[in-house]
Amino acid sequence: DTGVSQNPRHKITKRGQNVTFRCDPISEHNRLYWYRQTLGQGPEFLTYFQNEAQLEKSRLLSDRFSAERPKGSFSTLEIQRTEQGDSAMYLCASSLSSQSYSPLHFGNGTRLTVT
Amino acid sequence: KNEVEQSPQNLTAQEGEFITINCSYSVGISALHWLQQHPGGGIVSLFMLSSGKKKHGRLIATINIQEKHSSLHITASHPRDSAVYICAASSSNTGNQFYFGTGTSLTVIP
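For the structure given in this document, a descriptive report is provided here.

Thresholds applied
- Residues numbered from 1 in each chain as written.
- Chains lettered and ligands numbered in written order.
- Predicted model: local features only at pLDDT ≥ 70, side-chain atom pairs only at ≥ 80, totals over all residues.
- Heavy atoms only, no water.
- Disulfide = S-S within 2.5 Å.
- Helix = DSSP H or I, 4+ residues; strand = E, 2+ residues; numbered from the N terminus.
- Buried < 20%, exposed > 50% of the residue type's maximum accessible area, 1.4 Å probe, protein only.
- Polar contact = N/O pair within 3.5 Å; in protein donor to acceptor, adjacent residues only side chain to side chain.

Residue and element names in this part refer to chain A. Tallying each qualifying case throughout the model produces two disulfides over all chains. The side chain of Cys23 participates in a disulfide bridge whose partner is Cys92; the two sulfur atoms lie 1.8 Å from each other. Looking down the S-S bond of the Cys23 and Cys92 bridge, the torsion is -65 degrees, so its handedness is left-handed. With Cys23 in strand S3 (residues 19–24) and Cys92 in strand S9 (residues 88–95), this residue pair connects regions lying 69 residues apart in the sequence. On the basis of relative accessible area, Cys92 is assigned to the buried category, the value being 0%.

Turning next to the side chain of Ser90 of chain B. Residue and element names in this part refer to chain B. Following the sequence through the fold, Ser90 ends up in strand S9 (residues 83–91). Given a relative accessible area of 2%, Ser90 falls into the buried group. Within the structure, the side chain of Ser90 is placed 3.2 Å from the side chain of His33, a separation counted as a polar contact.

Have a look at this one:
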């Protein structure tokens, strides 16, 4: 069981730089979610894909954020012109939509620090 | 107001104590999830339930659909139970988006 894999685990970047994170979901899962979590808070929804289609995007997601899932497998989340407020844990999760009630499987997250 | 509210926010218990964490939600749900998050970020799904009660080892989760309330119980708590416990509601009305509570930070003291 490979689980959901996220890379890198940690990223430190200077303000204004672009960063890209990768998520590899569980192979048979067709739904993929991105969340952001700050200290003391629960995960905040950013966006979600069903296969390669990005079906929903949070209003929290500014134009500096973009996510792709080009082949319906792995996904990337890019943040352009990073700001200090972007510092957070970025979590990826996947699930299988064919099940009536499908649990979420989370990756270990990518912790972003913008200096 | 959050769609999912948890209480308490922080909880400290002595080893062996019975622990209850509560979750109330305001959205229509297809399922209610209890998640465990350890320091370092990894999140593990403990339970997913839509009615009644589920038990796994020392953990018990219950849900009352009419009252829109769920509880997570830990019997005979142990220091290794120390973690953040998060309640999440999934709603099929919004593309199966999940609504998360802010979590309950549990510390079990030996």
